[in-house]
Amino acid sequence: MEQDQSKVLLVEGAVVDAARVGLWVMPDNQSHGMLEDFLAAMADTAHPELMVESESAISNIESKGLQQYTPRHRPKAKIHTYLAWQKDPGSTLPQAIQKHYLDVSSENARPFVSWISRLFWEKQAN
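Residues numbered from 1 in each chain as written. Predicted model: local features only at pLDDT ≥ 70, side-chain atom pairs only at ≥ 80, totals over all residues. Heavy atoms only, no water.

Next up on the list: the packing of aromatic side chains. The final tally for this structure, using the stated rule, is 5 aromatic pairs. One aromatic cluster is present, built from ring pairs that chain together Trp-24, Phe-38, Phe-112 and Trp-115. (Phe/Tyr/Trp six-rings, centres within 6.5 Å; stacked < 30°, edge-to-face > 60°.)

Our next topic: unusual backbone geometry. With an omega dihedral of 10°, the bond running from Met-26 to Pro-27 counts as a cis peptide bond. With phi around 65°, His-100 is a residue other than glycine that occupies positive phi space. Here His-100 lies in the loop between helix 5 (93-98) and helix 6 (110-120). (Helix = DSSP H or I, 4+ residues; strand = E, 2+ residues; numbered from the N terminus.)

Let us now look at the side chain of Ser-54. Tracing the backbone shows Ser-54 in helix 3 (residues 48-63). Setting aside chain neighbours within four positions, we find Ser-54 in contact with Lys-78, Thr-81, Tyr-82 and Trp-85. (Contact = heavy atoms within 4.5 Å.)

Further remarks concern the confidence of the model for the chain. Per-residue confidence for the chain gives a mean pLDDT of 88; residues scoring 70 or more make up 88%. Averaged pLDDT values for the elements of the chain fall to 59 in helix 1 (residues 5-12) and rise to 98 in helix 3. (pLDDT = per-residue confidence, 0-100.)

Okay, helix 2 (residues 35-46) next. Across its 12 residues, helix 2 extends 17 Å between first and last C-alpha, which sits within 8% of the 16 Å expected from 1.5 Å per residue. For helix 2, the set of buried residues is Glu-36, Phe-38, Leu-39, Ala-40, Ala-41, Met-42 and Ala-43. Buried residues in helix 2 make contact with helix 3, helix 4 (74-84), helix 5 and helix 6. (Expected span 1.5 Å × (residues − 1). Buried < 20%, exposed > 50% of the residue type's maximum accessible area, 1.4 Å probe, protein only.)

This part is about the packing of helix 2 against helix 4. Running from N to C, helix 2 and helix 4 point in directions that differ by 35°, and their axes come no closer than 9 Å. Where helix 2 crosses over helix 4, the handedness of that crossing is left-handed. Between helix 2 and helix 4, the residues in contact are Glu-36, Asp-37, Leu-39, Ala-40, Ala-43 and Ala-46 and Pro-75, Lys-76, Ile-79 and Tyr-82, respectively. Residue classes in the contact of helix 2 with helix 4 are distributed as 7 nonpolar, no polar and 3 charged. (Axes fitted to C-alpha atoms, helices over the stretch in contact; angles between N-to-C directions. Left-handed = near helix turned anticlockwise from the far one by under 90°. Nonpolar A, V, L, I, M, F, W, Y, C, P; charged D, E, K, R; others polar.)

Another aspect to go through is the nonpolar core. Ranked by internal contacts, the top residues of the largest apolar core, which has 19 residues, are Leu-39, Ile-79, Tyr-82, Leu-83 and Leu-102. When contributions to this core are tallied by element, the ones reaching two or more residues are helix 2, helix 4, helix 5 and helix 6. Counting residues per element, this core draws most heavily on helix 2, which supplies 5 residues. (Core = buried A, V, L, I, M, F, W, Y, C linked by side-chain atoms within 4.5 Å.)

Right, let's talk about the pattern of salt bridges for a bit. Opposite charge on two side chains permits them to pair, given that their charged atoms come into close proximity. The tally for this structure, following the rule as stated, stands at 6 salt bridges. Of the charged contacts in the structure, one is a salt bridge between Lys-76 and Glu-36, with a shortest N-O distance of 3.1 Å. Here Lys-76 is found in helix 4, whereas its partner Glu-36 is found in helix 2, with 40 residues between them in sequence. The salt bridge involving Lys-78 is made with Glu-55; its shortest N-O contact spans 3.2 Å. In this pair, Lys-78 is assigned in helix 4 and Glu-55 in helix 3, connecting sequence segments 23 residues apart. On the accessibility criterion, Glu-55 (25% relative accessible area) is partly exposed. Put simply, Glu-55, Glu-62, Arg-74 and Lys-78 are held in one network by salt bridges that share partners. (Salt bridge = Lys/Arg side-chain N within 4 Å of Asp/Glu carboxyl O.)

Have a look at this one:
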């Protein structure tokens, strides 16, 4: 059975060689969400117990009506709660990757890392 190429491109990310333009829609080219949803998946692999505690803390303040963020920004609150509890709180997202607070080798990150590699490091066909 032949696979629908439009779905393959969307899942794997697109690379247009003529202009060397790449397109990736966060979090994973398939799901509704944002960058922080993608990062949460990497955090969940790096430190699953801490992500459970981050979810618990977020749920706790929501149950009391204390949250100041909109429901749409809940993933931002969750990942930044997780990052606040790291050895070096206040790290930027790129620093969190460098410090291994986020696992870029996780199953969830592989398609994105592969796409980045294809886009920037694979030699263009002439």
